[in-house]
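# Examining the three-dimensional arrangement
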Amino acid sequence: MSHVQVDEEPSLGLSAREVEVMSLIAGGHTNGEIAARLFLAEKTVKNHVRRIYSKLGVHNRPAAIAQWLSSRNPQTSLTPYFAELGCP
């Protein structure tokens, strides 16, 4: 009998590798750090980041992080955090 593991956290339509990359992005890691940690070329990480932005419908890292974190904890408002950073 096969055993299927259900991911309890929303993936937002991201592949397993994209979830890994997005988790590291949200943790404050650079593309170079992510590449080293996942044993990937930095160009590969950049491609993952580009696809993540597309799937999340965002254009930059802060917006991707905001969407990622809010999907993980929908009750948490990130507005005060981004207001402190001067983001609209």
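Sequence order as written defines the numbering, with residues in each chain counted from 1. In keeping with the model being predicted, local features are shown solely for residues with a pLDDT of at least 70 and side-chain atom pairs are shown and tallied solely at 80 or more, while totals for entire chains, interfaces and linings include all residues. Values reported for side chains reflect all heavy atoms of the structure, with hydrogen atoms and water molecules removed beforehand.

## Description of the overall build of the protein
- Only DSSP runs of H or I covering at least 4 residues are called helices, and only runs of E covering at least 2 are called strands; the numbering of each starts at the N terminus. Assigned secondary structure in the protein consists of five helices and zero strands.
- Partly exposed describes any residue whose relative accessible area lies between the buried limit of under 20% and the exposed limit of over 50%, with all areas from a 1.4 Å probe on protein chains only and scaled to the type maximum. For the protein, buried positions account for 28% of its 88 residues.
- Restricting to contacts in the protein with at least 6 residues of sequence separation, those with at least 24 account for 54%. The contact rule is simple, with two residues in contact once any of their heavy atoms fall within 4.5 Å.

## Let's talk about helix α2 (residues 31-38)
- Along α2, the residues classified as buried are Asn31, Ile34, Ala35 and Leu38. Taken down its axis, α2 places every buried residue within 100 degrees of arc, on the same side. Exposed residues lying more than 90 degrees from the buried face of α2 are Ala36 and Arg37.
- Looking at the packing, one finds that the buried side of α2 touches α1 (16-26), α3 (42-56) and α4 (61-72).
- At the C-terminal side of α2, Phe39 shows a positive phi close to 60 degrees. By arc we mean the arc of the directions from the helix axis to the C-beta atoms, nothing more.

## Observations regarding the confidence of the model for the protein
- The quantity known as pLDDT measures the predictor's confidence residue by residue, on a range of 0 to 100. Of all residues in the protein, 72% have pLDDT values of 70 or greater, and the mean over the chain is 82.
- Confidence scores differ between elements of the protein, with helix α5 (residues 79-84) showing the lowest mean pLDDT of 58 and α2 the highest of 97.
- When the criterion is pLDDT under 50, residues 1-8 qualifies, and its contacts beyond four places in sequence or with other chains add up to zero contacts.

## Remarks on the packing of α1 against α3
- Angles run from 0 to 180 degrees between N-to-C directions of axes, and those axes are lines fitted to C-alpha atoms, restricted for helices to the stretch in contact. Relative orientation of the contacting elements α1 and α3 amounts to 90 degrees, with a least axis distance of 10 Å. Classified by the angle their axes make, α1 and α3 are roughly perpendicular. Contacts from Arg17, Glu18, Val21, Met22 and Ile25 in α1 reach His48, Val49, Arg51, Ile52, Lys55 and Leu56 in α3.
- The residue makeup of the contact of α1 with α3, split by class, is six nonpolar, one polar and four charged. Just so you know how the angles are binned, under 35 degrees is roughly parallel, over 145 roughly antiparallel, 65 to 115 roughly perpendicular, and the rest oblique. Note on residue classes: Ala, Val, Leu, Ile, Met, Phe, Trp, Tyr, Cys and Pro are nonpolar, Asp, Glu, Lys and Arg are charged, and everything else, Gly too, is polar.

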